[in-house]
2 protein chains.
Amino acid sequence: MWLPPPALDEIKKSAYKNQIEALRRRLLTLQQRLREADFPVFLVFAGVDGAGKHETINLLYEWLDPRYLVTLAYAQETDEEAARPRMWRYWRDLPVRGQIGMVLSGWYSRPLLDFVKGRSDEKRFARQLDEITRFERMLVDDGALVLKFWMHLSAEQQRERLRRLMDDPLTVWSAQPRDWQHLHLYQRFVSVSETLLDTTHSGTAPWIVLDGSPPRARQVAVAEHLALALEHRLAEPPPETSLTPGGKTKKRLAKLDLGASLEKSEYRTRLREGQSRLLQLHRIAQQSGQSTVLVFEGWDAAGKGGAIRRLVRPLDARSYRVLPIAAPNDEERARHYLWRFWRHIPANGHLRVFDRSWYGRVLVERVEGFATKTQWQRAYEEIVEFETELVESGIRVMKFWIHISPEEQLARFEERAANPLKKWKLTEEDWRNRDKWADYERAVEDMLAHTHQADAPWVLVAGNDKRHARVAVLEAVCEHLSGH
Amino acid sequence: MWLPPPALDEIKKSAYKNQIEALRRRLLTLQQRLREADFPVFLVFAGVDGAGKHETINLLYEWLDPRYLVTLAYAQETDEEAARPRMWRYWRDLPVRGQIGMVLSGWYSRPLLDFVKGRSDEKRFARQLDEITRFERMLVDDGALVLKFWMHLSAEQQRERLRRLMDDPLTVWSAQPRDWQHLHLYQRFVSVSETLLDTTHSGTAPWIVLDGSPPRARQVAVAEHLALALEHRLAEPPPETSLTPGGKTKKRLAKLDLGASLEKSEYRTRLREGQSRLLQLHRIAQQSGQSTVLVFEGWDAAGKGGAIRRLVRPLDARSYRVLPIAAPNDEERARHYLWRFWRHIPANGHLRVFDRSWYGRVLVERVEGFATKTQWQRAYEEIVEFETELVESGIRVMKFWIHISPEEQLARFEERAANPLKKWKLTEEDWRNRDKWADYERAVEDMLAHTHQADAPWVLVAGNDKRHARVAVLEAVCEHLSGH
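All residue numbers refer to position in the chain's written sequence, counted from 1. To read the labels, note that chains go from A and ligands from 1, taken in the order they are written. With pLDDT at 70 or above as the cut-off, local features in this predicted model cover only qualifying residues; side-chain atom pairs require 80 or more to be listed or tallied, and sums for whole chains, interfaces and linings still use all residues. Where side-chain values are given, they derive from all heavy atoms of the structure, hydrogens and water being excluded.

1. Quick word on the sheet that holds strand β1 (residues 41-47) of chain B
Residues and elements named next belong to chain B. Note the threshold: Should DSSP find at least two bridges between two strands, the strands are regarded as paired. Counting from the N terminus, the helices are DSSP H or I runs at least four residues long and the strands are E runs at least two residues long. Geometry is summarised by axes, namely lines fitted to C-alpha atoms with helices restricted to the contacting stretch, and by angles between N-to-C directions that run from 0 to 180 degrees. Note on definitions: a residue-residue contact is assigned when non-hydrogen atoms from the two residues lie within 4.5 Å.
As summarised here, the arrangement of the five strands in space is β2-β3-β1-β4-β5, forming an open sheet in which the pairing is parallel. If you trace the sheet from one side to the other, it starts and ends with β2 (69-73) and β5 (207-211), each paired once. Sheet twist, expressed as the mean angle between neighbouring strand axes with direction ignored, is 20°. Relative to strand β4 (residues 145-152), β1 runs parallel, the two sharing seven bridges. What sits directly across from Gly-47, in β4, is Met-151. Most of the contacts of helix α9 (residues 186-200) go to β4, to which it runs at about 160°, and overall it touches β1, β4 and β5. Packed on one face of the sheet, helix α10 (residues 215-235) meets β1, β4 and β5 and runs near 165° to β4.

What follows is the structure, encoded as structure tokens:
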């Protein structure tokens, strides 16, 4: 039983002043330390309307350095948001490390109200809470401090509070007819909220349920919880939750027949047929608004670029975009590593091709040590959840690993080195990566084992023969697009 | 007379192969040099449908390093785009320095077709071309290389070309019924295009009009133009176009009565009245979808933060955002300095408060030498044009300079230094800036002189008395919002 929370005694004005002064000083110092730290803070405000969510946010703006605060408040979805997975709008808004994001009418708001008002059902509500749990866990795993404040009022207190809000021209807007209706639904609201609190509370993204009726005591309580949590988190980073992907590394790559090849004439025919089919399928997808995400990974010189070019050549340039993924820039590094991919999730029947992708986390970042062991091990699950969210929102997801033998790679490197038109494709890094072939191979095998899903499948493509690889990619995409 | 362009002789296949090899090598080398350079390239493709725009883009993807190419192709506006100034979607898409952006169905497309088809009139068309001219000039002034290719076909050639496109399943989509209709409108299309080419051609953003009928000769022509322009631009940066803002520096600041002050009780009353009025006005603006941009500039410790907090306190957190502007990050530095502000232009009745702003270009960047003299001098006009575009799209713009005397600043610095709750607000930089008071004062006067506009006005606020300043800001905003 979460609700109602124990009643808070109001603090006398004089005592409040003293208490606040010390508290503010403590919070300011903590905020300064936070700025140097490498994690963001999320303060989620939810609960009964009129229980002081807005006031708390205003107060924090007054107390703290506003340059490192950001309010994340959500009104009606725009159509760009509505066309994408539900959590897209929150992902694209992530505060950067060192900042405090204050979430109002955030990810809990719509699912809760929709269910209370009968606009959704138990199953949908449960799924939405599940999405939220995964989202918050990803943030926490990435180092974020997540505190969720549930500000509560009894039915009688809310009625009284709304009456006061209505009486004041400065606050009348915040007591909308909607709220009076909530009051009517108060009992149901409370019981659904119980479920919500139960389901989404965790040790790392805890709910703090507060009596919202005494303004001063409530502010002090929030501020103290925040200060404590910050002190704790700054003193001691949370233990990294390590996942050990089970099972032995399988040998999928070795089983691939790298001898597969295509004659030029057959290649031409099948390429043309495939392109024509893809064009039709893509146009159908556009009409139905079903978007597609294609991921291309593979060894250096495996032929990703050539395969992608043949794939998109017949398509209308306005309907797709190819995104080459390089090292993250500083805006990207300042956030969760998935943020920069969330930004580019397509909508409205678009096709987005990622030339390299989020799998860098478990490939180059693992092998080169840019990600800690815990980070890349955790990434398998994070990626599966990320792709699941895309798939569940109606986006088709498909991933290609283009495979070549080390000998073929060497031959291509040497050809590149000798050909002035291709020399630019070859870098020192390519040679260095080549020396770590075995490490990469292990990483690829693990990646395939842990992130293959029926509706976001990995397709292994034998790439020693470029013609074969290009046609194989094209036909696999057609297959996948026509399968739904 | 631009159209038709002189006919191009087709190149024989064998000769083409040799020509292309040398050309590709040249372009690759240039692209590599471009990557190290500090400007982006815009290749704008326009002209008659079927004249080879798509094919040219595909070819460049094949020839060049695709990681530094980006296609900017525009379909129907999303509602987030439609709700903002017309050029917003292009601003938010700017390629970064070192990249080549290839623009298809870009900023010329809609104005041209709308006018040809009678969906807009001469006046609107002229205004749109004017917007485009200003946009391209800003890019060029910032260093961008802008090349615009007009690919032409005669009516007969287009008919023939569309027939061929229709016959091929791979290209049938690109010959849409729309295009046949254009053919019907061909004569009008050509005459309107003449106007467009005339109006928007300039030495620094030139149109290159090409016969699009012979595929190989056309590709070679585009590639050669690109290579030449790149060579030229890389060899010799364009002379900076210097603007000398005329007239003597006026003494607006000195005329401000810094003695203005308010009693506490009057302050309270007027603050409350102002907030209540602002709330109403803001809600009306929200309902009518009219957005507002407020800019706050002022001396360090002038009280910008406090004024902003009092201003937004009564508002629904979902309806406004306060954006503190610090030094640009690397994603921002890689683009035109206005890009990061274009990103944050509000829509749908939102209020956006910039705590410091694009005026940094003519204040801190001028005084500290982060911008060259040419850059900051040019910025006055750029900023006026930027704000004009906002205003013309229906956004209300207002700018505050909060002024204090050097003595008052010193007193506040000393108070901050002594108060543990405010110490964080004071930095070494503040003291350094203070030493340059006279330089900043001159910069402020110039800024006021060159960027004050009737519908994007500067409001000077006497800030020695905080109560006076807060009320003055609040009441000025109300005045401005109720004025339309």
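Structure shown, so let's carry the discussion forward.
2. A few points about the packing of aromatic side chains
All names here are of chain A. Here is the rule we go by: Any two of the Phe, Tyr and Trp rings considered here, Trp counted by its six-membered ring, make a pair once their centres fall within 6.5 Å; the pair's planes then place it as stacked at under 30 degrees, edge-to-face at over 60, or tilted in between. With a 1.4 Å probe rolled over the protein chains alone, any residue whose accessible area is under 20% of its type maximum counts as buried; one over 50% counts as exposed, and the rest are partly exposed. Our definition puts a charge over a ring when NZ of Lys or CZ of Arg is within 6 Å of the ring centre and also within 35 degrees of the ring normal.
Under the defined criterion, the tally for this structure stands at 46 aromatic pairs over all chains. With a centroid separation of 4.8 Å and 80° between ring planes, the pair formed by Tyr-74 and Tyr-90 is classed as edge-to-face. In this pair, Tyr-74 sits in the loop between β2 (69-73) and α3 (79-82) while Tyr-90 sits in helix α4 (residues 88-91), placing the two residues 16 residues apart along the sequence. The class of Tyr-74 is buried, set by a relative accessible area of 7%. Positioned over the ring face of Phe-115 is Arg-188, at 4.9 Å from the centre of the ring. Above the plane of the ring of Trp-339 lies Arg-335, whose end atom (NZ or CZ) is 4.1 Å from the centre.

3. Quick word on the interface of chain B and chain A
Going by this rule: Here's the idea: put two parts together, see how much 1.4 Å probe accessible area each one loses, and the total over both is what we call buried area. Criterion for a salt bridge: a side-chain nitrogen of Lys or Arg within 4 Å of a carboxyl oxygen of Asp or Glu. Definition of a polar contact: a pair of N or O atoms within 3.5 Å, with one able to donate and the other able to accept a hydrogen when the atoms are protein atoms, and with sequence-neighbouring residues admitted only if both atoms are side-chain atoms. Only Asp, Glu, Lys and Arg are considered charged, only Ala, Val, Leu, Ile, Met, Phe, Trp, Tyr, Cys and Pro nonpolar, and every remaining residue, Gly among them, polar.
The interface of chain B with chain A comprises 55 residues on the first partner and 55 residues on the second. Interface of chain B and chain A: buried area, both sides summed, is about 5,300 Å²; carbon and sulfur atoms make up 53% of it. At the junction of chain B with chain A, the criterion picks out ten salt bridges. For the salt bridge of Arg313(A) with Glu62(B), the shortest nitrogen-to-oxygen distance reads 2.5 Å. Seen at the junction of chain B and chain A, the total is 18 residue pairs in polar contact (both at pLDDT 80 or more). Mapped onto the side of chain B that touches chain A, the elements with two or more residues apiece are α1 (13-36), α2 (53-63), β2, α3 (79-82), α12 (264-288), β7 (320-324) and α14 (330-333) of chain B. Looking at the side of chain B that touches chain A, its residues break down into 21 nonpolar, ten polar and 24 charged.

4. A few points about the relation of the copies chain B and chain A
Under the convention used in this document: C-alpha atoms of residues with pLDDT of at least 70 in both copies form the basis for the least-squares superposition of the copies.
Screw-axis analysis of chain B against chain A gives a translation of 0.0 Å along the axis, an RMSD of 0.1 Å, and a rotation angle of 180°. Taken together, the rotation angle and the small translation identify this as a two-fold axis. When the interface residues of chain B are mapped onto chain A, 100% of them again lie at the interface, so the same face is used by both copies.

5. Overview of the confidence of the model for chain A
Note the following rule: Within a predicted model, pLDDT stands for the predictor's per-residue confidence, ranging from 0 to 100.
Overall, the predicted model of chain A reaches an average pLDDT of 91, with 96% of residues at or above 70. If you check the scores for this complex, the pTM reads 0.84 and the ipTM reads 0.80.

6. Focus on the sheet that holds strand β5 (residues 207-211) of chain A
Residue and element names in this part refer to chain A. Here we have five strands laid out as an open sheet, ordered β2-β3-β1-β4-β5, and parallel in their pairing. Both edges of this open sheet fall to β2 and β5, since each of them pairs with a single strand only. Adjacent strand axes in the sheet meet at a mean angle of 20° when their direction is disregarded. Judged from the five bridges that link them, strand β1 (residues 41-47) and strand β3 (residues 100-104) form a sheet pairing that is parallel.

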